[in-house]
Structure formats: structure tokens, C-alpha cells
Amino acid sequence: ELEIHGAAIDTTPPIMGSVIDDGDITYDKTGLHATWSATDGQSAITEYQYAIGTTPTVPGSGYVVNWTSTGSNAYATAANLSLTADKTYYFYVKAKNYDDLWSNVRASDGITVQNIKIGPAKLLQSGTKVTFTGVTCTGNVSSNSLYIQEPDRSAGIMVLASDVVASGTTV
């Protein structure tokens with residue numbers, strides 16, 4: 001059933017534009033972000049939904065993040081994920097218009113999660129999210145920061161932390 005808006009009935013679904021993730025690679029195994037656009041010449045976009053998976057086309061099941069509404073926001077940040085290094089993740093997005101017609105699903109070009117060592121991480125822009133694996137705490141600076149180093153002691157760095165970690169603990 002379609003509603004009449006003035007004298008027009010919207011009989012066509014929205015058209016998805018591009019879906020843009022945050023580049024080719026990420027070092028953060030806990031979160032992903034994307035933005036997108038859609039158009040509809042007859043009525044407004046009222047809702048977007050996204051999902052995340054590991055194939056360049058919509059898999060239909062087995063999503064890393066199941067279909068989630070962002071309301072009318074043309075972006076999403078998925079947090080608290082457990083992503084795997086050397087896997088590529090894709091955002092799938094669809095748009096709904098005022099008359100409840102859904103667009104086709106559009107996928108991002110994919111973003112690959114990579115492991116990173118402390119040395120190369122020091123060269124990244126401040127604020128870049130990274131996930132280290134198998135590093136050792138060498139001491140706490142304060143209740144919210146500590147030093148970590150590679151197991152072979154080749155590099156170390158101070159990081160912000162939400163917990164105090166005992167010196168010598170592998171994190």
C-alpha cells in the first residue's frame with residue numbers, strides 16, 4: 001500500500017550511491033566505520049540499514065554485524081568487534097524511502113585488517129586506532145597509561161589504557 005503525498009505516489013525505490021569505508025587497511029581489530037549516500041527523486045530517504053561481512057557481495061547470512069538501522073544517518077561506526085587479521089570486511093548498505101520501498105544493497109570496496117608492530121605504529125598519525133597482540137606491559141605510568149614493548153624488546157610505546165596492568169603481563 002502506498003501513501004499519496006500531495007498528488008504524487010512514489011513507486012520507485014531509492015538508488016544507493018557509493019559506500020565508503022575507511023580505506024584499504026586498518027590496524028584496529030575492534031571497530032569499523034563507513035559513510036554512504038542515496039537518492040530518491042520522488043520522496044525522502046527515511047532509513048538506512050547496514051551489515052558487515054567478509055564477501056564482496058551480500059552473503060545473506062553469516063554477517064559479522066547483522067542488519068542494523070542507522071535511522072536517517074548516512075554513516076555507521078561498528079564497535080566492540082573481534083576482527084581477524086588478514087581478512088577483508090565489507091559494509092553492505094540499503095536505503096528506504098517514505099513509501100517503504102528499499103533500494104538495492106550496495107557494498108563498500110572492503111577494508112583489510114592487518115597486524116602491526118609497535119615500531120611501525122609509532123609512525124602513524126596520533127589518534128589512529130591500532131590493536132597490538134602479544135606485547136608485554138613493562139610498567140604503569142598512571143591509572144590510565146602504561147608502557148608496552150614487543151616480546152623481542154625491539155620497540156616500546158606508552159599507551160592509554162582503561163585498566164592497570166601488572167608489569168610483565170603479556171597483553
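The rules behind the values
- Residues numbered from 1 in each chain as written.
- Predicted model: local features only at pLDDT ≥ 70, side-chain atom pairs only at ≥ 80, totals over all residues.
- Heavy atoms only, no water.
- Helix = DSSP H or I, 4+ residues; strand = E, 2+ residues; numbered from the N terminus.
- Buried < 20%, exposed > 50% of the residue type's maximum accessible area, 1.4 Å probe, protein only.
- Core = buried A, V, L, I, M, F, W, Y, C linked by side-chain atoms within 4.5 Å.
- Contact = heavy atoms within 4.5 Å.
- Lys, Arg positive; Asp, Glu negative; His and termini not counted.
- Salt bridge = Lys/Arg side-chain N within 4 Å of Asp/Glu carboxyl O.
- Polar contact = N/O pair within 3.5 Å; in protein donor to acceptor, adjacent residues only side chain to side chain.

Quick look at unusual backbone geometry
In the Ramachandran plot, Asn 80 falls in the positive-phi region, its phi being about 60° despite a non-glycine side chain. Assignment of secondary structure puts Asn 80 in the loop between strand S6 (75–78) and strand S7 (88–97). You can call Asn 80 exposed: its relative accessible area is 74%.

A few points about the nonpolar core
Leu 32, Trp 36, Tyr 50, Ile 52 and Phe 91 are the most contacted members of the largest nonpolar core, which totals 21 residues. Listed by contribution, the elements that provide at least two residues to this core are strand S1 (15–21), strand S3 (32–39), strand S4 (45–53), S6, S7 and strand S9 (111–113). Apart from residues no more than four positions distant in its own chain, Leu 32 is found in contact with Thr 26, Ile 52, Ala 76, Thr 77, Ala 78, Leu 81, Leu 83, Tyr 89, Phe 91 and Ile 111. Counting eleven residues, the second largest nonpolar core, distinct from the first, contains Phe 132, Val 135, Ala 155 and Val 165.

Focus: the side chain of Asp 21
Tracing the backbone through its elements, the reader meets Asp 21 in strand S1. Look at Asp 21: it is buried, it has no salt bridge, and the nearest opposite charge is Arg 106 at 12 Å. Among the polar contacts listed, one links the side chain of Asp 21 to the side chain of Ser 108, at a separation of 3.0 Å. The contacts of Asp 21, once residues within four sequence positions are left out, are His 33, Ala 34, Tyr 89, Phe 91, Ser 108, Asp 109, Gly 110 and Ile 111.

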